[in-house]
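Residues per chain, in single letters:
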Amino acid sequence: MDLNVAMQVAFSGLGAQGERLKVISENLANADSTSQTPGGTPYQRKLITFRSVFDRSIDATTVQAGNVLNVGGNFERRYDPTNPGASSDGYVQLPNVNPLVELMDMKDAQQTYQANLNVIDAAKAMISHTLDLMRS
Amino acid sequence: MDLTQIPIFAEMAKRLQWLTARQNVIAQNVANANTPGYTTSDLKPLDFAKLLNGQQTTLQLATADPAHLGAPPDAASAATGGFERADTGSPVALEEQMMLLSQTATDFNFTTALYQKQIALIKDAIGH
């Protein structure tokens, strides 16, 4: 039992939030990616899942990024006959990415990442205070 | 000289262990802040009156193998150091966890400072 456990758990949190940010950036980058083939489906919003994993080696519950799901449906349609992805009636399907939702998600990921960093900072400070005992 | 024979040192060591175990529990709460279905847990407060009255009040089963029931607490739970863990059943509130985190770190700082003072006192007494 030592503070390294706290650090390892916090590192697992950092990793999971990093994965989350990766998925968010994919969504934002592809916010305008329409289909390459006429009438095809555009980019589908991706959603990351988290699951808690019990790590037997440190006897603590860490977090892991799980499957990345594709959220289909709810595509908006825009009349644009010149677009290569337009179907025969001239409408092109747009990705179901809402930049506002993604930005809010990003803010949340940032906050949780910061919280995990705070845990690491606190654990480090506690270890250094313990080491200070030897200097007295 | 065995410092742990002196009650205040034994207590402070126990307190440091408890604070470390609590920090581990908080780390798990924060890491799982976005995990669906995960609920916050915390350690039961350490009762110093009980600590003073006697270190070990519960009887332990005799075991010959670590796999036996009633094996020593270190095998049962390393991360919580044998301290009792309680599930609050509520989802993780990051602000609350951050508050507990700094509180735990401050308590740890306080206890190590107290430890240093006590050592300095003993050193003064033996004329160093």
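Here, every reference points to the structure presented above.
Here's what I pulled together on the structure shown here. The written sequence of each chain sets the order in which its residues are numbered from 1. Ligands are numbered from 1 and chains lettered from A, in the order in which they are written. Residues qualify for local features only when their pLDDT is at least 70, as the model is predicted, and side-chain atom pairs are given and counted only at 80 or more; totals for whole chains, interfaces and linings, by contrast, use all residues. Excluding hydrogens and water, the side-chain figures rest on all heavy atoms present in the structure.

**As for the pairing of strand E4 (residues 91-94) of chain A**
Residues and elements named next belong to chain A.
- Buried residues are those whose accessible area, probed at 1.4 Å on protein chains only, stays under 20% of the maximum for their type, while exposed residues exceed 50% and partly exposed ones sit between those limits. Helical segments are the DSSP runs of H or I of at least four residues, strand segments are the runs of E of at least two, and each set is numbered from the N terminus. Side chains Val92 and Leu94 project from E4 onto a buried face, and the interleaved Tyr91 and Gln93 project onto a face without burial.
- If DSSP finds at least two bridges between two strands, the strands pair. Pairing of strand E3 (residues 76-79) with E4, which is carried by 4 bridges, proceeds in the antiparallel orientation. Its bridge partner lying in E4, Glu76 is registered against Leu94.

**A word on the packing of helix H2 (residues 99-132) of chain A against helix H1 (residues 7-31) of chain B**
- Note on method: axes are straight lines fitted to C-alpha atoms, helices fitted across the in-contact stretch only, with angles between N-to-C directions ranging 0 to 180 degrees. It is at 9 Å that the axes of H2 of chain A and H1 of chain B come closest, and there the two elements cross at 165°. The angle between H2 of chain A and H1 of chain B falls in the class roughly antiparallel. The two elements H2 of chain A and H1 of chain B cross, and the hand of that crossing is left-handed. For the pair formed by H2 of chain A and H1 of chain B, the contact residues are Thr112, Ala115, Asn116, Val119, Ala122, Ala123 and Met126 of chain A on the first element and Leu19, Thr20, Gln23, Ala27, Val30 and Ala31 of chain B on the second.
- By residue class, the composition of the contact of H2 of chain A with H1 of chain B is 9 nonpolar, 4 polar and no charged. Small angles under 35 degrees read as roughly parallel and large ones over 145 as roughly antiparallel, with 65 to 115 read as roughly perpendicular and the rest as oblique. Here a crossing is called left-handed whenever its near helix is offset anticlockwise from the far helix by less than a right angle, and right-handed whenever the offset is clockwise. Note on contacts: a residue pair is in contact if any heavy atoms of the two residues lie within 4.5 Å. For this classification, Asp, Glu, Lys and Arg are treated as charged, while Ala, Val, Leu, Ile, Met, Phe, Trp, Tyr, Cys and Pro are nonpolar and the rest, including Gly, are polar.

**Here we look at the nonpolar core**
- Joining through side-chain atoms within 4.5 Å is the link that ties buried Ala, Val, Leu, Ile, Met, Phe, Trp, Tyr and Cys residues into a set, and such a set is a nonpolar core. In this structure, Val9 and Val119 of chain A together with Val30 of chain B are the most contacted members of the largest nonpolar core, which totals 38 residues.
- Contributions of two or more residues to this core are made by helix H1 (3-29), strand E1 (45-55), strand E2 (60-71) and H2 of chain A together with H1 and helix H4 (94-125) of chain B.
- Excluding residues within four positions of it along the chain, Val30 of chain B makes contact with Thr112, Ala115, Asn116 and Val119 of chain A together with Leu94, Gln97 and Met98 of chain B.

**Points about the interface of chain A and chain B**
- Contacts between chain A and chain B engage 34 residues on the former and 32 residues on the latter.
- Buried area is understood as the total, over both parts, of accessible area removed when two parts are fitted together, assessed with a 1.4 Å probe. Taken together, the two surfaces of chain A and chain B that pack against each other cover about 2,600 Å², and 67% of this comes from carbon and sulfur.
- Whenever Lys or Arg places a side-chain nitrogen within 4 Å of a carboxyl oxygen from Asp or Glu, that contact is recorded as a salt bridge. Linking chain A with chain B are 0 salt bridges.
- Distance and chemistry together define a polar contact, namely a pair of N or O atoms within 3.5 Å, with one atom able to donate a hydrogen and the other to accept it when in protein, and with adjacent residues in sequence counting only for side-chain atoms on both sides. Here chain A and chain B share 9 residue pairs in polar contact (both at pLDDT 80 or more) between them.
- For the side of chain A that touches chain B, the secondary structure elements donating two or more residues are H1, E1, E2 and H2 of chain A.
- Among the elements that take part in the side of chain A that touches chain B, H2 of chain A stands out by supplying 13 residues, more than any other.

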